[in-house]
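Structural overview
Here is what each chain is made of, one letter per residue.
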Amino acid sequence: ALIAEPTAATLSGPEPSDDDVVVCCSVRTAVTRASKGPLKDTPCEDMLVPLFKAIVEKTKIDPKKIEDAQIGNVLQPTAGGATSRMS
């Protein structure tokens, strides 16, 4: 049986809210061969620095206005990807 569930369209109102999520830009790191690629020993934190710089450059946003950032993996480590290669 089909059950009606609330969706984002019905939960959000016309007025901005502190709970609103705003995606201003997306970027990604390079992907290399597992355990053999040139980034195999690179911590994910070191790979994120140029990404944050690229987002600030692309969007022209004041970094002081960024309240939160969500970082995710393409694959989980047990599924064949490592955080330092797939962030």
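Each remark here, short or long, concerns the structure printed above.
Described below are features of the structure shown in this document. Because the structure is a prediction, the values reported are computed rather than measured.

Some points on the overall build of the protein
Regarding its fold elements, the protein presents two helices and zero strands. Buried positions account for 15% of the 87 residues belonging to the protein. Of the contacts made within the protein by residues no fewer than 6 positions apart, 58% connect residues no fewer than 24 positions apart. Summed over all atoms, the accessible surface of the protein reaches about 7400 Å², with 56% contributed by carbon and sulfur.

A look at the environment of D68
On the secondary structure map, D68 appears in the segment after α2 (44–59). Judged by its relative accessible area of 58%, D68 is exposed.

Considering α2
With 16 residues, α2 should cover 22 Å at 1.5 Å per step; its first-to-last C-alpha distance of 22 Å lies within 8% of that length. Every buried residue of α2 is listed here: C44, M47, L48, L51 and I55. Around the axis of α2, the buried residues are gathered within 95° of arc, so they sit on the same side. Those residues of α2 that are exposed and angled more than 90 degrees off the buried face are K53 and E57.

Some thoughts on unusual backbone geometry
The backbone phi angle of K60 is positive, close to 60°, even though this residue is not glycine. Here K60 lies in the segment after α2.

Quick notes on a negative patch on the surface
A cluster of acidic side chains, namely D18, D19, D20, E67 and D68, defines a negative patch on the protein surface. With respect to the helices and strands, D19 occurs in the loop between α1 (8–11) and α2. Taking the relative accessible area as the measure of exposure, D19 reaches 70% and is therefore exposed.

Some thoughts on the pattern of salt bridges
Taken as a whole and judged by the stated rule, the model has one salt bridge. In this structure, K40 and D41 form a salt bridge, with 3.0 Å as the shortest nitrogen-oxygen distance. A relative accessible area of 64% means that D41 is categorised as exposed.

Focus: the environment of V56
Here V56 lies in helix α2. Residues V56 and I66, spaced 10 residues apart in sequence, show a C-alpha to C-alpha distance of 9.8 Å. In this structure V56 touches I61 and P63, once residues within four positions along its chain are discounted.

Parameters at a glance
- Residues numbered from 1 in each chain as written.
- Predicted model: local features only at pLDDT ≥ 70, side-chain atom pairs only at ≥ 80, totals over all residues.
- Heavy atoms only, no water.
- Helix = DSSP H or I, 4+ residues; strand = E, 2+ residues; numbered from the N terminus.
- Buried < 20%, exposed > 50% of the residue type's maximum accessible area, 1.4 Å probe, protein only.
- Contact = heavy atoms within 4.5 Å.
- Areas by Shrake-Rupley, 256 points an atom, 1.4 Å probe, with all protein chains shown as cover.
- Expected span 1.5 Å × (residues − 1).
- Arc of directions from axis to C-beta.
- Patch = residues over 30% accessible without salt bridge, like charges linked within 9 Å, V, L, I, M, F, W, Y side chains within 5 Å.
- Salt bridge = Lys/Arg side-chain N within 4 Å of Asp/Glu carboxyl O.
- Lys, Arg positive; Asp, Glu negative; His and termini not counted.
- Charge placed at Lys NZ, Arg CZ, Asp CG, Glu CD.

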